[in-house]
Amino acid sequence: MKTVVIEVCANSFESAVNAEKGGADRIELCSELAVGGITPSYGLIKKTVEEIAIPIHVLIRPRSGNFTYSDTEFDIMKKDIVFCKSIGCTGIVSGVLHEDHTLDVKRTEELIELASPLSFTFHRAFDWIPNPEKTIRILEEIGTDRVLTSGQQVKALDGINLLVKLRDKVSKLKILPGGGIDADNAKVFKDNNFEEIHLSAISIVKSGTPIKLSMNNLKMVDDDLTTFSDLQKIQKIKEAIK
């Protein structure tokens, strides 16, 4: 019987433990799933590598928002990859786009080369790319191992036609369907001969303790936004309290 590799997107050590106990074959480790995931902390990566036996791929994404990075952000990404290699991670999940959402070939290739010999997955930034067929051929040429994608739809089930086309007619890369995959639709991907699927299997539990003051700021949660501490605002505050 054909088996399908299950990759669980784990957002905490508890999630990683449950993934392993539940029979997952691989973990994509990240933090902050609400914004699409960002690079997890040093402590979380290290503890997971030390205590979880199944392969661990780490998301290298320095912040939420778009996938176009400053020189400083790109340098941070490279340092994170070096750290992940040094402690025994088995794969890297990352990628870089230009402002027009086309593939930044130079920077993505640099990340792939730095991550080698670890497995490299190009993440769901692929779902923003305007020419997926052309781009996946380029990703194959520069050494990508797989592409995590929903077929450029909110849910992979809705993008399955593109997923099948990319796998069968466009590229030899592994296509890793991800986005809204659960127990109700996972078999569809097996029936369509996908070797791997990506899912989070998240449950949301309220603490039950009333929250006096929310720490969330929904104004900052948008794919088209980046946030930073503004130099001029800091200087004005400093001047105001002299």
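Each remark here, short or long, concerns the structure printed above.
Residues numbered from 1 in each chain as written. Predicted model: local features only at pLDDT ≥ 70, side-chain atom pairs only at ≥ 80, totals over all residues. Heavy atoms only, no water.

Asks: What is the right way to look at the overall build of the protein in this model?
Replies: The helix and strand inventory of the protein stands at eight helices and eight strands. Compactness check: the protein gives a C-alpha radius of gyration of 19 Å against a globular reference of 18 Å for 242 residues, within 12% of the reference. The C-alpha extent of the protein, read off along each of the three principal axes, is 70 × 45 × 35 Å. Looking at the protein residue by residue over its 242 residues, the buried ones come to 41%. Within the protein, contacts between residues at least 6 apart in sequence are counted, and of these 64% link residues at least 24 apart. (Helix = DSSP H or I, 4+ residues; strand = E, 2+ residues; numbered from the N terminus. Rg over C-alpha atoms; globule rule 2.2 N^0.38 Å. Buried < 20%, exposed > 50% of the residue type's maximum accessible area, 1.4 Å probe, protein only. Contact = heavy atoms within 4.5 Å.)

Asks: Before we go on, may I ask you to explain helix α5 (residues 132-141) in this structure?
Replies: An α-helix turns once every 3.6 residues. As a result, residues three or four positions apart point the same way. Among all positions of α5, only P132, T135, I136 and L139 are buried. All buried residues of α5 project into a common sector of 100 degrees when viewed along the axis, lining one side. For α5, the exposed residues lying more than 90 degrees away from the buried face are K134 and E141. Looking at the residues trailing α5, positive phi occurs at G143, about 105 degrees. (Arc of directions from axis to C-beta.)

Asks: Quick question: what am I supposed to make of the side chain of T108 here?
Replies: Within the secondary structure, T108 is located in helix α4 (residues 105-115). A distance of 2.9 Å separates a polar atom in the side chain of T108 from the backbone oxygen of D104. With near-sequence residues (within four places) excluded, T108 lies in contact with G95, V96, L103, F120, F122, L139 and I142. (Polar contact = N/O pair within 3.5 Å; in protein donor to acceptor, adjacent residues only side chain to side chain.)

Asks: Just checking my understanding: could you explain the sheet that holds strand β5 (residues 119-122) for this structure?
Replies: If you trace the eight strands from one edge of the open sheet to the other, you get β7-β6-β5-β4-β3-β2-β1-β8, paired in parallel fashion. Sheet topology places β7 (174-177) and β8 (196-199) at the edges, where each strand pairs with a single neighbour. Across the sheet, the axes of successive neighbouring strands diverge by a mean angle of 25 degrees, strand direction being ignored. Note that strand β1 (residues 5-10) and strand β2 (residues 26-29) share four bridges and pair parallel. Considered in β2, the bridge of V8 is made with I27. Taken strand by strand, α4 contacts β4 (91-94) and β5, and its axis lies near 155 degrees from that of β5. (Pairing = 2+ DSSP bridges. Axes fitted to C-alpha atoms, helices over the stretch in contact; angles between N-to-C directions.)

Asks: I keep staring at helix α1 (residues 13-21) and nothing clicks. Help me out?
Replies: Taken as a whole, α1 has its buried residues at S15, A16 and A19. Across the axial projection of α1, the buried residues extend over an arc of 100 degrees, all falling on one side. α1 presents E14 and K21 as exposed residues on the side facing more than 90 degrees away from its buried surface. In this fold, the buried residues of α1 make contact with β1, β2 and α2 (42-51). Once α1 ends, the next one or two residues include G23, with phi positive near 100 degrees.

Asks: Can you walk me through the packing of helix α3 (residues 71-86) against α4 in this structure?
Replies: Two quantities define a packed helix pair, namely the angle between the axes and the distance from one axis to the other. Look at α3 against α4: their axes get within 9 Å of each other, and the N-to-C directions meet at 20 degrees. Compared by their axis directions, α3 and α4 come out roughly parallel. At the point where α3 passes α4, the crossing takes the right-handed sense. Across the interface between the two elements, D71, F74, M77, K78, I81, V82 and K85 of α3 pack against R107, E110, L111, L114 and A115 of α4. Classifying every residue of the contact of α3 with α4 gives seven nonpolar, no polar and five charged. (Parallel < 35°, antiparallel > 145°, perpendicular 65-115°, else oblique. Left-handed = near helix turned anticlockwise from the far one by under 90°. Nonpolar A, V, L, I, M, F, W, Y, C, P; charged D, E, K, R; others polar.)

Asks: Which parts of the structure should I look at to understand the packing of aromatic side chains?
Replies: Each aromatic ring pair is characterised by the separation of its centres together with the angle its planes make. This structure, assessed with the given rule, holds three aromatic pairs. Between F67 and W128 the ring centres are 5.0 Å apart and the planes differ by 70 degrees, which places this aromatic pair in the edge-to-face class. Of this pair, F67 sits in the loop between β3 (56-59) and α3 while W128 sits in the loop between β5 and α5; the two residues are 61 residues apart in sequence, bridging distant segments of the chain. Residue classification places F67 among the buried residues on the basis of a relative accessible area of 9%. The ring of F13 carries K47 above its face, with NZ or CZ at 4.8 Å from the centroid. When the ring centre of F74 is taken as origin, the NZ or CZ atom of R107, which lies over that ring, is 4.5 Å away. (Phe/Tyr/Trp six-rings, centres within 6.5 Å; stacked < 30°, edge-to-face > 60°. Lys NZ or Arg CZ within 6 Å of the ring centre and 35° of its normal.)

Geometric values such as these leave the question of function open.
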